[in-house]
Amino acid sequence: MNTSDEYMPVPLSTILVDTIIGCDLYIKNCEGDEIKYVLFCTGINAVGQDKIDGLQKHNIENLYIHKSDHKVYLKYLEPSLKKIIKKNIISNTEQVQVAYNIAKNIMEDIFNNPRSGVYVERVKDWVSNTIDIIIREKSASAIIKMLSYDYYTYTHSVNVSVLGLLFSRYLNMKCEDMNALGVGLLLHDIGKTQVSSQIINKKGKLTDEEFGEMKTHVVSGAEILFHVGGIEDVAFFPVMQHHERMNGKGYPNGLQGNAIHEYGKIAAIIDVYDALTTRRSYSDARNPFAALKIMRDEMRGSFDEELFIDFILFLNQVK
Ligand SMILES: [Fe+2]
């Protein structure tokens, strides 16, 4: 069968000359009502300049891949992301989409194998590329619209990192600091890989014992990252402190006020905000206003007041 829902488009401009994609590429052919996908280049062959010229001559802007090859394509794109952004090969919206999908792919690999250190460089590169996109794309709302509203640990981590980077830009944070913050935010829940999936996926309220196990994800996350190495000291703050609360009622250490690092305070606000505004198995996604209202009224004293007001102002200018 050769049906359109088995395939997805990939912009021709993302295919670099003389590179091997690793998955088959197709051309979409419409004959009357019938749509056929014709093999253009197999995954083991490089796409030559002549082939690309031929497509451009026919104004073909997209090639197609099997949906099941999406991960392979993203893996191919990952090392080219910097080039794609620098040369503006695809539109800003497509850049955001590609960067978002690459991050989901990285997170999936990390969650499958959290103790492999291979991902540290991938994470750092992704954060630095995403900062480049954020700096260039003036409209934060265009980026926020791309975030997923369904909650999965992967997408939550990516959302928190992207939101945190946008917020840090709003706060005029230095680029170097944004990099460390973005890495810490992307990896903030890595310790959840050590918590049993029954607890992670439980729909109802956790028992005290289950909640006790859930809380261990903070320390085990930091342990994993320490063991893996290559991560800046300050990037540990979002991991270690995203569940600390200004009034001392958080965990793991019950830190209060300025004993919590600025990155920990930012991580706490964004972690809760993203969890409230995404769809969960046990609750619908709240709109931003409702989420902020819960954070202000029901979680009074939890967050740094100044940063929380800044966050509200940031979201307000995003609309
Ligand atoms: Fe967490």
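Model, not experiment: these values are computed from the prediction. (Residues numbered from 1 in each chain as written. Predicted model: local features only at pLDDT ≥ 70, side-chain atom pairs only at ≥ 80, totals over all residues. Heavy atoms only, no water.)

Trainee: Can you break down the overall build of the protein chain residue by residue, with the values?
Mentor: Along the protein chain, the regular secondary structure elements total 15 helices and four strands. Computed over C-alpha atoms, the radius of gyration of the protein chain comes to 21 Å, within 12% of the 20 Å expected from 2.2 N^0.38 for 319 residues, which places it in the range of a compact globule. Along the first, second and third principal axes, the C-alpha set of the protein chain runs to 65 × 40 × 40 Å. Looking at the 319 residues of the protein chain, the share that counts as buried comes to 49%. Working note: accessible area of the protein chain is about 15900 Å², and carbon and sulfur atoms make up 51% of it. (Helix = DSSP H or I, 4+ residues; strand = E, 2+ residues; numbered from the N terminus. Rg over C-alpha atoms; globule rule 2.2 N^0.38 Å. Buried < 20%, exposed > 50% of the residue type's maximum accessible area, 1.4 Å probe, protein only. Areas by Shrake-Rupley, 256 points an atom, 1.4 Å probe, with all protein chains shown as cover.)

Trainee: Lay out the coordination of the iron ion with the relevant residues and their values.
Mentor: Binding of the iron ion to the protein goes through D189 (OD), H217 (NE2), H242 (NE2) and H243 (NE2), at separations of 2.2 to 2.3 Å. Bound by four donor atoms, the iron ion shows angles of 84 to 171 degrees at the metal and therefore irregular coordination geometry. In this structure H217 comes out as buried when scored by relative accessible area, which is 1%. (Donors = N, O, S within 2.8 Å, 3.2 Å for Na, K, Ca; no water. Tetrahedral: all angles 85-135°; square planar, octahedral: opposite > 155°, others 65-115°.)

Trainee: Outline the pairing of strand β3 (residues 34-41), supporting the account with residue identities and numerical values.
Mentor: Relative to β3, strand β2 (residues 25-31) runs antiparallel, the two sharing seven bridges. Paired with L25 across the two strands is C41, which belongs to β3. (Pairing = 2+ DSSP bridges.)

Trainee: Account for the confidence of the model for the protein chain, with residues named and values stated.
Mentor: Scored by pLDDT, the protein chain has a mean of 91; 98% of the residues are at 70 or more. Here helix α6 (residues 140-144) stands out as the element of the protein chain with the lowest mean pLDDT, 83, in contrast to helix α12 (residues 236-241), whose mean of 98 is the highest. (pLDDT = per-residue confidence, 0-100.)

Trainee: Tell me about the packing of aromatic side chains, and name the residues and values.
Mentor: Inspection of every chain in the model, using the stated rule, returns 12 aromatic pairs. Seen from their ring centres, F167 and F311 are 5.2 Å apart, and the 80 degrees between their planes marks the pair as edge-to-face. You can see F167 sitting in helix α7 (residues 153-170) and its partner F311 sitting in helix α15 (residues 305-318), a full 144 residues away along the chain. Taken as a pair, F167 and F311 share a single burial class, namely buried. Pairing F303 with F308 gives two aromatic rings, centres 6.0 Å apart and planes at 25 degrees, and the pair type is stacked. (Phe/Tyr/Trp six-rings, centres within 6.5 Å; stacked < 30°, edge-to-face > 60°.)

Trainee: An account of unusual backbone geometry is requested, with residue identities and associated values reported.
Mentor: Residue P252 is bonded to the preceding Y251 through a cis peptide linkage, with omega at 10 degrees. Here P252 shows up in the loop between α12 and α13 (262-277). Phi is positive for D18, close to 60 degrees, though the residue is something other than glycine. Note that D18 resides in the loop between β1 (7-11) and β2. Judged by relative accessible area, D18 falls into the exposed class, the value being 58%. With phi around 55 degrees, N59 is a residue other than glycine that occupies positive phi space. Residue placement: N59 occurs in the loop between α1 (49-57) and β4 (62-66).

Trainee: If you had to explain the nonpolar core to someone new, which residues and values would you point to?
Mentor: One finds L25, Y119 and W126 to be the most contacted residues of the largest nonpolar core, which totals 90 residues. Sort the elements by how many residues they give to this core and helix α4 (residues 92-112) lands first, with 10 residues. Dropping the residues within four chain positions of it, L25 is found in contact with V10, I15, V38, L39, F40, C41, V47, L63, Y64 and I65. (Core = buried A, V, L, I, M, F, W, Y, C linked by side-chain atoms within 4.5 Å. Contact = heavy atoms within 4.5 Å.)

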